[in-house]
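Below, each chain spelled out in residue letters.
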Amino acid sequence: MPTIQNPRLAGLACIRCDRRYEVADHSTGCPACLAEGRPMNLECVYTPGESTGVDQPYLRPVTLGEGRTPLLTDIAGAVPGLDVALKWEGANPTGSHKDRFSAVVVSRALCAGYEGIVAASSGNAGVSLATYCGRAGLRCEIAVTDDTPARVVELMRDLGAEVVSFPRSEHRWEHVAAYRDSRTMLPVTNFVVPPVGSSPFGIEGYKLVAEELLADRDGRAPEWVVVPASRGDLAWGIHLGFRELLGADAVPRICLVEPFPRVAAVLAGADLYATFPGSTRVMPSLGGNQLAAQAVEAVRRSGGQAVAVDDESVLAETRRLWRAGFPLEPSSAAGLVAVSRSLAAGTMTPESDVVVVATAHGLKGM
Ligand SMILES: [Zn+2]
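Residues numbered from 1 in each chain as written. Predicted model: local features only at pLDDT ≥ 70, side-chain atom pairs only at ≥ 80, totals over all residues. Heavy atoms only, no water.

### Focus: the sheet that holds strand β3 (residues 20-21)
The cut-off we apply is this: Note on pairing: two strands pair once DSSP finds at least 2 bridges between them. For helices the rule is a DSSP run of H or I covering at least 4 residues; for strands it is a run of E covering at least 2, with both sets numbered from the N terminus onward.
Judged by pairing direction, the sheet is antiparallel, and its three strands sit side by side in the order β3-β2-β4 without closing on themselves. Looking at which strands have only one partner, the edges of the open sheet turn out to be β3 and β4 (42-46).

### Some points on the coordination of the zinc ion
Selection criterion: Distances define the donors: N, O and S atoms within 2.8 Å of the metal qualify, as do those within 3.2 Å of Na, K or Ca. Water is excluded, so some sites may look unfinished. Key to geometry: four donors with every angle between 85 and 135 degrees are tetrahedral; four donors are square planar and six octahedral where opposite donors lie over 155 degrees apart and all remaining angles lie between 65 and 115; all other sites are irregular.
Ligation of the zinc ion by protein atoms is provided by C14 (SG), C17 (SG), C30 (SG) and C33 (SG), these donors lying 2.3 to 2.4 Å from the ion. Classification of the site at the zinc ion as tetrahedral follows from its four donor atoms and the range of 103 to 118 degrees in their angles at the metal.

### Section: the packing of helix α11 (residues 311-323) against helix α12 (residues 330-345)
Formally: What counts as an axis is a line fitted to C-alpha atoms, over the stretch in contact for a helix, and the angles between N-to-C directions run from 0 to 180 degrees. Roughly parallel here means an angle under 35 degrees, roughly antiparallel means over 145, roughly perpendicular means 65 to 115, and every remaining angle is called oblique. Any pair of residues with heavy atoms lying within 4.5 Å of one another is described as a contacting pair. Polar here means any residue other than Ala, Val, Leu, Ile, Met, Phe, Trp, Tyr, Cys and Pro, which are nonpolar, and Asp, Glu, Lys and Arg, which are charged; Gly is therefore polar.
Between α11 and α12, whose axes approach to 8 Å, the crossing angle comes to 105 degrees. Comparing their axes, α12 and α11 come out roughly perpendicular. Between α11 and α12, the contacting residues are S313, V314, E317, T318 and L321 on the first element and P330, A333, A334, L336, V337 and R341 on the second. Here the residues of the contact of α11 with α12 are counted per class, giving seven nonpolar, two polar and two charged.

### Observations concerning the side chain of S332
Quick reminder of the rule: Partly exposed describes any residue whose relative accessible area lies between the buried limit of under 20% and the exposed limit of over 50%, with all areas from a 1.4 Å probe on protein chains only and scaled to the type maximum.
Within the secondary structure, S332 sits in helix α12. Here S332 falls in the buried class, since its relative accessible area comes to 0%. Apart from the residues lying within four places of it in its own chain, the contact partners of S332 are P228, A358, T359 and A360.

### Some words on the pairing of strand β15 (residues 354-358)
Burial runs high along β15: five of the five residues are buried. The alternating pattern of β15 places V354, V356 and A358 and V355 and V357 on opposite faces, both of which are buried. Sheet analysis places strand β7 (residues 85-88) next to β15, joined by four bridges and oriented parallel. In the sheet register, K87 faces β15, and the bridge partner there is V357. As paired strands, strand β12 (residues 224-228) and β15 are joined by three bridges and run parallel to one another. Bridge assignment links V226 to a residue of β15, and that residue is V356.

### A short note on the packing of helix α3 (residues 124-136) against helix α4 (residues 150-158)
To be explicit about the condition: Take the far helix as your reference; a near helix turned counterclockwise from it by less than a right angle gives a left-handed crossing, and one turned clockwise gives a right-handed crossing.
Contact geometry for α3 and α4: axes closest at 8 Å, N-to-C directions at 15 degrees. As judged from the angle between their axes, α3 and α4 are roughly parallel. In the crossing of α3 with α4, the sense of the turn from one axis to the other is left-handed. Where α3 approaches α4, its residues G126, V127 and A130 are matched on the opposing element by V152, L155 and M156. When the residues that make up the contact of α3 with α4 are grouped by side-chain class, the tally is five nonpolar, one polar and no charged.

### Details of helix α5 (residues 169-177)
Of all the positions in α5, only R172, W173, H175, V176 and A177 are classed as buried. Tucked into the core, α5 has its buried residues touching β8 (116-120), β9 (139-145), β10 (162-166) and β11 (185-187).

### What to know about the domain arrangement of the chain
For clarity, the threshold we go by: A domain assignment, automatic or from a database, supplies the domain bounds used here. Accessible area that two parts lose when put together, evaluated with a 1.4 Å probe and summed over both, is termed the buried area.
Along its sequence, the chain is carved into domain 1 (4-59), domain 2 (71-94 + 202-358) and domain 3 (98-198). The partner domain 3 presents 15 residues to the 15 residues of domain 1 that form the contact. Buried area between domain 1 and domain 3, both sides added, is near 1200 Å², and the carbon and sulfur share of it is 59%. Interface area lost by domain 1 to domain 3 is led by D25, S27 and Y58, which between them contribute 48%.

### Here we look at the sheet that holds β7
Pairing is mixed across the open sheet formed by six strands, whose spatial order is β6-β7-β15-β12-β13-β14. Two strands bound the open sheet, and with one partner strand each, they are β6 (71-72) and β14 (305-308). Against the sheet, helix α7 (residues 207-216) makes contact with β6, β7 and β15, and its axis sits at roughly 135 degrees relative to β7, the strand it touches most.

### Considerations on the side chain of S102
Relative to the elements of secondary structure, S102 occurs in helix α2 (residues 98-111). Owing to a relative accessible area of 0%, S102 belongs among the buried residues under this scheme. Among residues more than four places away in sequence, those in contact with S102 are S128, L129 and Y132.

### A look at the pattern of salt bridges
Counted only if it meets this: Each salt bridge in this description consists of a side-chain nitrogen of Lys or Arg and a carboxyl oxygen of Asp or Glu lying within 4 Å of one another.
A full pass over the atoms with the stated rule returns 19 salt bridges. Here D353 makes a salt bridge to R217, at a shortest N to O gap of 2.4 Å. With D353 in the loop between α12 and β15 and R217 in the loop between α7 and β12, this residue pair connects regions lying 136 residues apart in the sequence. We classify D353 as partly exposed; its relative accessible area is 23%. As a salt-bridge pair, R320 and E317 come within 3.0 Å of each other at their nearest N and O atoms. Here the residue R320 and the residue E317 both occupy positions in helix α11, the gap between them amounting to three residues, near one helical turn.

Below, the structure written as structure tokens:
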């Protein structure tokens, strides 16, 4: 049975101004907000109808068995003083949450008649997209930076991707931007400065994290969902899922985890489109000095918070977790450090009901 577009997918809407657009690949986000110099991503809109869970833009999507990842509870001593649960996204086919995104964007590319996809990634997204393109028989081009670990580049190539390398992150984005009007290669990751985020179709795949969490907890939403973030695709997608299932007033609070203050700075009054100083050596998945507005909205609309965590603490936590049987990559272990910080700050208490999204396993060496 072929992949088809959901007949109830009615269009896309701007997250900020709510202007509506037809179903198409608006890879620079809302044209009206972009023209005002305030880029903003779009979200999928569906006509009401029968649905057993969150709406998805493609039916019978390309799949390798992603999702339905385990919720690991009873993690004694994972965070002293708090019994957190881990949503173990490392159990996805290529070891990260990106497989949820890939399944949907590759389905989008197939249904819209593209020959392949192009993306900027130095890690999990590139490996995941290469794998799903292979499954779907699509071409895959990944733009990496020269400091991407050779092992990761080899993985992408072994999976059939064409890998092109650039000195700096901006150069990757320029490369992807050259495909913005292509009818053969679909750009699926951000190339706009300031960033908007990734394909809104792919982000829909992250709504399933919310659906699975409710299913695993007998319909009970957690108080906090802790999500490591760069441009906030995952955090925004999880928020969208909860909003769809519970209503905007009953969503869990998003605790967004970042390697230095970006969202935290904006919440404290900084300009959303500023360049935020800081860097990280051990959390490359969470890097970047500019923000996408969707990351801030996930926190604001859920009454959440943003917590910055430092490399040294994250490395120490990663080592501890590996030896306790949880081989998380440092960008994921960062979530547990954020919980410890929140306990110390009093924004979480030992009674808080917290789920940490453990975004990727560490065995790829990222
Ligand atoms: Zn707009």
